[in-house]
Each structure stands twice: as structure tokens, then as C-alpha cells.
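Here's the letter readout for the chains.
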Amino acid sequence: MNDIDRERLEEWMQKVDEWNPKLFTLSHTPFKLRRYFSRFKRRVAIARMAENPDLASKYRSKLHNAYATEELLNNIDEINANEQQLINILDAADSLLASTQYLAGASFTMADVMLIPVLARLELLQLDKEFIHSRNQLSEYWARVKHRPSYHKVIGQYFSGFNRHKTFFTTAFTVGLRDFFRKY
């Protein structure tokens, strides 16, 4: 394990962890869809509080977080800062990947594991051309990572090809059906 830079590993884990993927995703989701799922999520939390009074404080916390996220989505400065933070992460990764195969050295590490869902999210949102493929080293890294068996097992099976649409439609159908029958 001498080919891993521990300091860089921790630095990258912290960088990725500090970024708010939920804010980015929701800010790139159509308003009507976002409003519908947000309202559904709040209804589920309220129904769960009624069913499980002993867990009410946990669900109240979830509701508080949902409202706080909605407030953030109304703040364009927060959204822009969040996107700039992502751009800084991706630019730094692109620069670093010019001299090393993975983020913390020659071996695949937890730093890479933390960055992969970020890149997968960008691809799922169809923002990969703008955020990934505009950076040559990052684009090559992403192609290399997508060929790993672990990627196919954990992420690829849900978000490649037709499965991307299947996952979305299954989720939308299930939520729509539960909302229609008021089964929260």
C-alpha cells in the first residue's frame, strides 16, 4: 500500500463529503417533479409520525431537513456556490488525474469510491458532457472506472442503457400509486 498517499486520500474524502449532492440534484430537477416528490416525502414523514409516536422526533427531524432543503433551493447564491464547489472538485480531480491513475495514487481507494456516485449522478442527470467529458483526464478516469466489475454490480446495473429509464419509471409509478391510494 505504499502507492497510496494517505494525506491526499483524506483530503479527497473530505472534499467530496463537504459537497451537497442533494442540493445540486434538486436544482437540476424540473420544478413540478421536485415539488411533487417533496410533497410526497413530507406526507410519508407525517404518516410515519402518526404510526410510530416513539419515532416522531426522528420524522420531525426529517421534515425539518426537507423544509431546510426547500429553503436552500430558493437561494440562487447557495445553488451557484454548490455548483462552483462541484466544478472546483472536478477541476482538481482532472488536474490530479493527469499524473496518477486514481485520486490517491496508483490504487483504487475510498476517495475514488466517494467520487464515483458524484460522476454517476452527473451522468444520470445527463450533465456528463458539461461536467465530465469537458475534462479529458476525468473523462478517461470515468471510462476506466465504469469498466470495473464493482461499478457494474453496484451502480451500472441500475443506471446504464434502458435500466436508467426503468429505474426512474418504476420509482415514479410506485410513488404515484402510493400517492393516489394515500398509502404513505
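Because the structure is predicted, anything quoted here is derived from the model rather than measured. (Residues numbered from 1 in each chain as written. Predicted model: local features only at pLDDT ≥ 70, side-chain atom pairs only at ≥ 80, totals over all residues. Heavy atoms only, no water.)

A look at the overall build of the protein
At step 1: For the protein, the count of helices and strands is 10 helices and 0 strands.
At step 2: The order of α-helices and β-strands along the protein, N terminus first, is α-α-α-α-α-α-α-α-α-α.
At step 3: With respect to the three principal axes, the spread of C-alpha positions in the protein is 55 × 35 × 35 Å.
At step 4: Within the protein, buried positions represent 35% of all 184 residues.
At step 5: For the protein, restricting intrachain contacts to residue pairs at least 6 apart in sequence, the fraction spanning at least 24 positions comes to 72%.
At step 6: With an accessible surface of roughly 11,500 Å², the protein has 55% of that area assigned to carbon and sulfur atoms. (Helix = DSSP H or I, 4+ residues; strand = E, 2+ residues; numbered from the N terminus. Buried < 20%, exposed > 50% of the residue type's maximum accessible area, 1.4 Å probe, protein only. Contact = heavy atoms within 4.5 Å. Areas by Shrake-Rupley, 256 points an atom, 1.4 Å probe, with all protein chains shown as cover.)

Some details on the nonpolar core
At step 1: Core analysis: the biggest nonpolar cluster contains 31 residues, and Leu-103, Leu-115, Leu-119, Leu-122 and Tyr-141 have the highest contact counts within it.
At step 2: When contributions to this core are tallied by element, the ones reaching two or more residues are α1 (6-18), α5 (76-96), α6 (110-124), α8 (136-146) and α9 (149-159).
At step 3: Among the elements that take part in this core, α6 stands out by supplying 7 residues, more than any other. (Core = buried A, V, L, I, M, F, W, Y, C linked by side-chain atoms within 4.5 Å.)

Re the environment of Asp-112
At step 1: Among the secondary structure elements, Asp-112 is positioned in helix α6.
At step 2: By relative accessible area, Asp-112 is classed as buried at 0%.
At step 3: Residues Asp-112 and Val-145, spaced 33 residues apart in sequence, show a C-alpha to C-alpha distance of 8.9 Å.
At step 4: Dropping the residues within four chain positions of it, Asp-112 is found in contact with Tyr-102, Leu-103, Ser-107 and Tyr-141.

Describing α9
At step 1: All of the buried residues in α9 are Tyr-151, Ile-155 and Gly-156. Taken down its axis, α9 places every buried residue within 95 degrees of arc, on the same side. More than 90 degrees from the buried face of α9, the exposed residues found are Pro-149, Lys-153 and Val-154.
At step 2: For α9, the secondary structure elements touched by its buried residues are α6 and α8.
At step 3: Gly-161 lies just past α9 and shows a positive phi near 60 degrees. (Arc of directions from axis to C-beta.)

Considerations on the packing of α1 against α5
At step 1: One way to put it is that α1 packs onto α5 with a least axis distance of 10 Å and a crossing angle of 155 degrees. Compared by their axis directions, α1 and α5 come out roughly antiparallel. As for the relative orientation of α1 and α5, their crossing is left-handed in sense. Counting all contacts with α1, which are made through Arg-8, Trp-12, Lys-15, Val-16 and Glu-18, the residues of α5 involved are Gln-85, Ile-89, Ala-92, Ala-93 and Leu-96.
At step 2: Considered class by class, the residues forming the contact of α1 with α5 number 6 nonpolar, 1 polar and 3 charged. (Axes fitted to C-alpha atoms, helices over the stretch in contact; angles between N-to-C directions. Parallel < 35°, antiparallel > 145°, perpendicular 65-115°, else oblique. Left-handed = near helix turned anticlockwise from the far one by under 90°. Nonpolar A, V, L, I, M, F, W, Y, C, P; charged D, E, K, R; others polar.)

Let's talk about unusual backbone geometry
At step 1: The backbone phi angle of Gln-126 is positive, close to 60 degrees, even though this residue is not glycine.
At step 2: Structurally, the position occupied by Gln-126 is in the loop between α6 and α7 (128-131).
At step 3: One non-glycine residue, Arg-182, lies in positive phi territory at about 55 degrees.
At step 4: Within the fold, Arg-182 resides in the segment after α10 (162-180).
At step 5: In this structure Arg-182 comes out as exposed when scored by relative accessible area, which is 55%.

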